[in-house]
Amino acid sequence: MTEYEHLEPFPVDGPPPADESPTTDNATLGPMFRPTHPIALAPVASPPHSVDGFVREFLHELNTGQGVQLSRSSVNDQYLALARTVRHYLMARWLETSRKTRQTKAKGVAYLSAEYLLGRQLNNALLATGLKEIAVEALASCGLDLEQLRAQEVEPGLGNGGLGRLAACFIDSLATMSVPCIGYGIRYEYGIFKQVFVEGRQVEEPDTWLQLGCPWEFPHPEAAVQVDFGGYTEKYYDGGVERVRWVPSWNVLGVPYNYMVPGYLNGRVNTLRLWSATATKEFDLHVFNAGDYVEAARAQTFAENITKVLYPEDSTPQGKELRLQQQYFFVACSLRDYTNQILEDNGDLHTLPDRVIFQLNDTHPVIAVPELMRILVDEQKWEWDDAWETTQKCFAYTCHTLLPEALEVWPADLLGRLLPRHLEIIYRINDDFLEEVRKAYPGDELRARNMSIVGEYPYRCVRMAYLATVAASKVNGVAELHSQLLRDKVLPDFSEYWPDKFINVTNGVTPRRFMRIANKSLTSLITDAIGVGWLTDLERLEELEPFAEDDEFRAQFAKVKAANKRRLAKVLQRRDQIVLPEDHLIDVMVKRLHEYKRQTLKLLHIVTEYERIISGKVSAEDVQPRTFIFGAKAAPGYRVAKEIIYLINSVAKTVNADPRVKGRLFVAFPANYNVTLAERLIPAADLSEQISLAGKEASGTGNMKFALNGALTIGTDDGANVEIRRLVGDDHFFLFGMREPEVEALQSKGYVPHSYYETNPQLRATMDLIASGAFSGGDRSVFEPLVSNLLYADPYMALADYQDYIDTQAKVDAYYADQDSWVHSAVLNVARCGYFSSDRSVHDYISQVWHTTYLH
C-alpha cells in the first residue's frame, strides 16, 4: 500500500519519442472499461485498442530494457519485453488504487501467508487488462508468437499446494471485488523445490525461478525493514513505570518486492509484498583483504538462508530454527511495514482495528500476535490491557488442518533463544488467559491444562494454534465438516468457551484462472449459453442446468472435453515425453503426497485392475480403457511418501510396458506438478479422485476445480466433498467409504488392517503382487516396508475402504460406457458448483470476519 512515485507508466499509446521525457499525465490513459459484472461497479480505464501503440511500446522495451534489436533478441528477451509492456498498462491503475486507498483510509485486509502459489503472471495480466487479442496481433506483426513467449515464463514456486493456491485465489478475488488488500509473504529464492525422477525416485533440485529474471516484481531496497533476533531482555524505568526492552544480538534486513494483483476488468490493482532477507552488513572488506574470502561474505550468506527455500527440512534442530526465523522474519517485516504507514500519515495506532484486519493463513504467521504486542507495549509504551484489546481486534485465524502434527508447536527453549521478548509476552498472554479460564470453570484444573497455550509434556512448548485462537477475533474452518470437527475434536474446549468465535468459510477457487484461462473453450461455450458476467458471479452457472437436457449442448460439451484431452496429450509429450493413449477415461489424482490423502488406495485400484487382467480373471477387452494420472510432491524428509512415489512410478513402468494390458491401462506421473500443468490437466480430466480418509481433509480446492471443469468426482464424505455432493446430487457423485463417525468407531474398536487382507481374496492377490517383486525386478524387499505398513499399521485405513472403493470404481466404468449420461452429469457438475468461487468465500469473510468496505 506504499505508493512509490517513481513507478510511472509510459503513455499507453506507446513509449515517448526519443527526444521527449515520459509523461505521467493520466489523461493519456483513455476511456475506462465499463464493468460487465456485478462486483465491479466503478468506471475504470481500459487499454487503448491500438496494435500500433502496443508494438511501439514492445519494441521500446526490447531496445531500452533488454538492450537488443528484435532481429538479435532471444525468446527470453522477447518475453521480458512483452511482460513489461503489459505491466505498463496496469501501472497507472496500480498507483491510482494506492492513492485512493490512502486517501479514503478505508479498512483493508492484510493477508499473512507463508505461501502464494501464483501461477504464471502473463496470462492473468493479459486477462485483467483485456489485452490478449491486441498482444496476439501486435506480436504477429513482429513475426512472434504469443504462445511461445508465454511458455518462456517460469511460475514462482512460492507454495506447496492448496494453502498457497487458496491465498492466490483470495488476493485475486479481493482485487476483483475492489476490496483494499495487501498480501504479505516471503520471496523464496528457490521456492519449494523442482521435482525430478531419477530411476523412479523423487529427487529435489533447486527451483531457479528467478534465474532468467522476473519482470513482475518491483524491488525497493530503500524501504528495507530491520528484523532482530536473539539476545536478551532487560527491565528499565521510564517515568517511574517499569518497562522491558529487547536487546537483540543479531539482525537482518527485509527487502520488499512488490507484485501487482489486478482485478478482473475493473481497474483495481492491489499489492502483494514479498520479503527477501539480506544482511545488515553484507561484506567485510577488511576480512576480505586479509584473505578470508568466505568469512568476508558470511553474514550475507547467513541472512539469505532465511528466504532461500520454502519449508526448509526441519528434522534437524538447525532446520527447525530456520523455519521459525522465516516465520518471524516475514511477519515482523509486514507488521512494521503496515504500522509505519499509519504513523507516517500522522495516524494513531489506536485506530489500527479500524484500518486493517490481519488474516492469519494457518499457523505459520501466528508469531505476529506477540510481535504486535511488543510494538504496542515496548515501543509505543501502551498499557498491557489496551494493547491486548487492540491486538485481539486486529487478527483473525484460518485453520487449515485436522492433523495434530500440522498444528505447529515450537519448543520454548528455541523461542526463548531466538525471540526472548516474544516468549515473555506469550507467557503473559497465557497467564492472563488461564486466569479467565479458571474463573469460568473453578476447580477444573485439567481444562486449564488442556487449554494452556504453553504445553509442558513431553517438553515445554508453545502451541501456536492455541495462541491464534486466543488472540483472534474469529476462528474459521474451511469446509462445513472441517469447521464442525474443528469445534468438536481439535479445539473443543475453546469452542465451548467462545462459541461465537468459531465460524465456517468454505474455500473457493478463482474462475478467472481455473476456467477462463485454463479452459477457454468451455468458458466460451458457457458464455454462448447464458451470456457474459458469470466469471464474477459464478452462481449464475445454475442457469446452465437446463442445457444439460439439450442434445446439441451436450455434444458441444463433449467436443470441448475431447479437445482438452488432445491438448493435454501434446503438453505431456513435449514436457515429459509421456505419450498418452487416445480415447481413454482420464482418471486424475493430483495433490501433495501424504498418507492421509491415500494415493496408496488409488494405487491398489490400479494394481487390482492389472492383476485381474494378467491372472485371467477378466478379459482385457472387457476392461474400460483408463489412463491414471498422478501429480504429487513429497516433503524432502517424508520417507514413506517418497517410497509411495517410487512405487507409483514402478507400477507405471511395469503396466505401461506389458502388452497384455496395452490399450486398456496406462499410468502417467509427470514430475513437478504445478499451476501451469494444472491449467492443462484439470480441463482434460473425466474423473476426479478425492479419496482421503473421512475426517482428515480440511477442504480441498482441487475437488472444486475439477467439478467446475466437468469432471465427475469419486470421493469420500470428507472436506468440501460433502458440500460438492450435496450440491451436484448423489446421482452425479461417486460416493464410497466410511463416514467420519464410522472411522472413529472403528478406531475405538481397534482397527486390525491385516484382517481385511485375510478375508478379501482380491485384496490379498493385489498386495501379494506388490510384495512379490513384480514391480521391482523380482526383489521382494523393495516394497516390503510399504506392504507391511499397510498390513500392520495402515493409519489412514486404506484397507478398510478398499472393497467399497473397488466396487464404486466398477460403477464408474459402467456409467462412463453410457457417454450421454456421463456428459449429462458432467454438465450438471459445472452448473451446480458455482458456490465454489473464491469471490463467494471472500464475501463470507467480509460479512462475518473482516467487515471491510468495497472501494468502487
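Look up a bit, the structure's there.
What you see is a predicted model, and the numbers here were worked out from it, not measured in a lab.

So, how was this worked out
- Sequence order as written defines the numbering, with residues in each chain counted from 1.
- Residue-level local features of this predicted model are given only where pLDDT is at least 70; pairs of side-chain atoms are given and counted only at 80 or more, and the full residue set underlies all totals for whole chains, interfaces and linings.
- For the side-chain quantities, the full set of heavy atoms in the structure was used; hydrogens and water were omitted.
- The numbering of helices and of strands both runs from the N terminus, where a helix is a DSSP run of H or I of at least 4 residues and a strand a run of E of at least 2.
- Under the scheme applied here, a residue whose accessible area is under 20% of the maximum for its type counts as buried, over 50% as exposed, and between as partly exposed, the area being computed with a 1.4 Å probe on protein chains only.
- The term polar contact refers here to a pair of N or O atoms within 3.5 Å; inside protein, the definition further demands a hydrogen-donor-capable atom paired with an acceptor-capable atom, and it admits residues adjacent in sequence only when both atoms are side-chain atoms.
- Should any heavy atoms of two residues lie within 4.5 Å, those residues are considered in contact.
- Definition of nonpolar core: a set of buried residues of the types Ala, Val, Leu, Ile, Met, Phe, Trp, Tyr and Cys, connected through side-chain atoms within 4.5 Å.
- At least two DSSP bridges between two strands are required for those strands to pair.
- What counts as an axis is a line fitted to C-alpha atoms, over the stretch in contact for a helix, and the angles between N-to-C directions run from 0 to 180 degrees.

*Asks:* Please provide a residue-by-residue account of the side chain of T627, values included.
*Replies:* By the element assignment, T627 lies in strand β21 (residues 626-631). On the accessibility criterion, T627 (0% relative accessible area) is buried. One polar contact links T627 to H584, side chain to side chain, over a distance of 3.0 Å. Ignoring anything within four residues of it in the chain, the contact list for T627 reads L580, P581, H584, L585, I586, D587 and F666.

*Asks:* Could you give me a rundown of the environment of S315, with the residues and numbers involved?
*Replies:* For S315, the position within the fold is in the loop between α9 (298-304) and α10 (317-344). Note on S315: relative accessible area 53%, which makes it exposed. Counting along the chain gives 321 residues from S315 to P636, while the straight-line C-alpha distance between them is 10.0 Å. In terms of polar contacts, S315 uses its side chain to reach the side chain of E313, at 2.5 Å.

*Asks:* Outline the nonpolar core, supporting the account with residue identities and numerical values.
*Replies:* Membership of the largest hydrophobic core comes to 158 residues, with the highest contact counts inside it found for F329 and F358. Sorting elements by how many residues they give to this core places α10 first, with 11 residues. Leave out the neighbours within four places in its chain, and F329 touches V227, F229, V252, L253, G254, W275, S276, A277, I306 and T307. Judged by nonpolar contacts, the second largest core, of 108 residues, contains L265, F557, F775 and L828.

*Asks:* Let's hear about the sheet that holds strand β15 (residues 409-411): which residues, and what values?
*Replies:* The sheet built from 3 strands is open, its strands ordered β15-β17-β16 with antiparallel pairing. The sheet is open, and its two borders are formed by β15 and β16 (454-455), each paired with just one other strand. Across 2 bridges, the pairing between β16 and strand β17 (residues 461-463) is antiparallel. What sits directly across from V454, in β17, is V462. Here helix α17 (residues 464-471) sits on the sheet and contacts β15 and β17; the angle it forms with β17, its principal contact strand, is near 50°.

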